[in-house]
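Coordinate analysis (summary)
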Amino acid sequence: MLQLFNTLTKKKEEFKPLHDNEVGLYTCGPTVYNAAHIGNLRSYLFEDILKRVLQYNGYHVNHVMNITDVGHLTSDADTGEDKMEKGAHREHASVWEIAERYTLLFLGNTLDLNILPPDTWCKATEHIPEQIELIKRLEEKGFTYETSDGIYFDTSKFKNYGKLSRQNLKKLYAGARLEEDPDKKHPYDFVLWKARESLGRETSKYGILVE
């Protein structure tokens, strides 16, 4: 019997997939604006161990990993320059050249560490329409609001927000770690889509964030 630690219940529990012998595994991949360091690669080693354990126990694993080649801002407070643009400025190259350069470097890292490749690589720039469609669905359901610099998820509309980390949002002190954003309704709301205007360029509501 395979047991995994359940972050929600804080207990080890028997692993039961949604479908017999079939496991869907999504793991966060790199933001390809610079070389990965050893701390980054530790995460991928952990994911690889989990995948191998599932396979060893007889499960067929459908593994998807994203590659963030746009949309990752330099600040945890949803501000600053896009990391891909920062990398392009640093190396006097295009965003596309930076993405290709560090994607290939990351793939080399995984080969050196004998990390099994995912079944599907999912680049952010190849799924912009799906991202927009998802945000529109959230808008229709009343989970978002628009500010001068983008569209934010309203965490107050999700009653169980914070349950997984067991955070009491009422006791969190705004501004203790991140600078407060006056446009946010709540300090823990997060950006779903950053408007081009906030980056110094004019565009429509869902303007593409790459050139």
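With that out of the way, let us pick up helix 1 (residues 38-56). Residue pairs three or four apart in sequence face the same way in an α-helix, which turns once every 3.6 residues. With 19 residues, helix 1 extends 26 Å from end C-alpha to end C-alpha; this agrees with the ideal 27 Å at 1.5 Å per step. Within helix 1, burial applies to Leu41, Tyr44, Glu47, Asp48, Lys51 and Leu54. Viewed along the axis of helix 1, the buried residues span an arc of 130°, placing them on a single side of the element. When the buried face of helix 1 is taken as reference, the exposed residues oriented beyond 90 degrees from it are Ile38, Arg42, Phe46, Ile49 and Tyr56. The secondary structure elements touched by the buried residues of helix 1 are strand 3 (22-27), strand 4 (60-67) and helix 3 (95-112). Within two residues after helix 1, Gly58 carries a phi angle of roughly 95°, on the positive side.

A few words now on the nonpolar core. The nonpolar side chains of a soluble globular protein tend to be buried, and buried together. Formed by Val32, Ile67, Met84, Ala88, Ala93, Val95, Ile98, Ala99 and Tyr102, the largest nonpolar core amounts to nine residues. Going through the elements one at a time, helix 2 (83-91) and helix 3 are the ones with two or more residues in this core. Ranked by the residues each element gives to this core, the list is headed by helix 3, at four residues. Look past the residues within four positions of Ala93 in its chain and what remains in contact with it is Ala88, Ile98 and Arg101.

Okay, the confidence of the model for the protein chain next. Of all residues in the protein chain, 82% attain a pLDDT of 70 or more, and the chain-wide mean is 85. The low-confidence segment residues 198-204, where pLDDT is below 50, has eight contacts with residues more than four positions distant or belonging to other chains. Across residues 206-211, confidence stays below pLDDT 50; counting only partners more than four residues off in sequence or on other chains, it has 24 contacts.

What counts as what
Residues numbered from 1 in each chain as written. Predicted model: local features only at pLDDT ≥ 70, side-chain atom pairs only at ≥ 80, totals over all residues. Heavy atoms only, no water. Helix = DSSP H or I, 4+ residues; strand = E, 2+ residues; numbered from the N terminus. Expected span 1.5 Å × (residues − 1). Buried < 20%, exposed > 50% of the residue type's maximum accessible area, 1.4 Å probe, protein only. Arc of directions from axis to C-beta. Contact = heavy atoms within 4.5 Å. Core = buried A, V, L, I, M, F, W, Y, C linked by side-chain atoms within 4.5 Å. pLDDT = per-residue confidence, 0-100.

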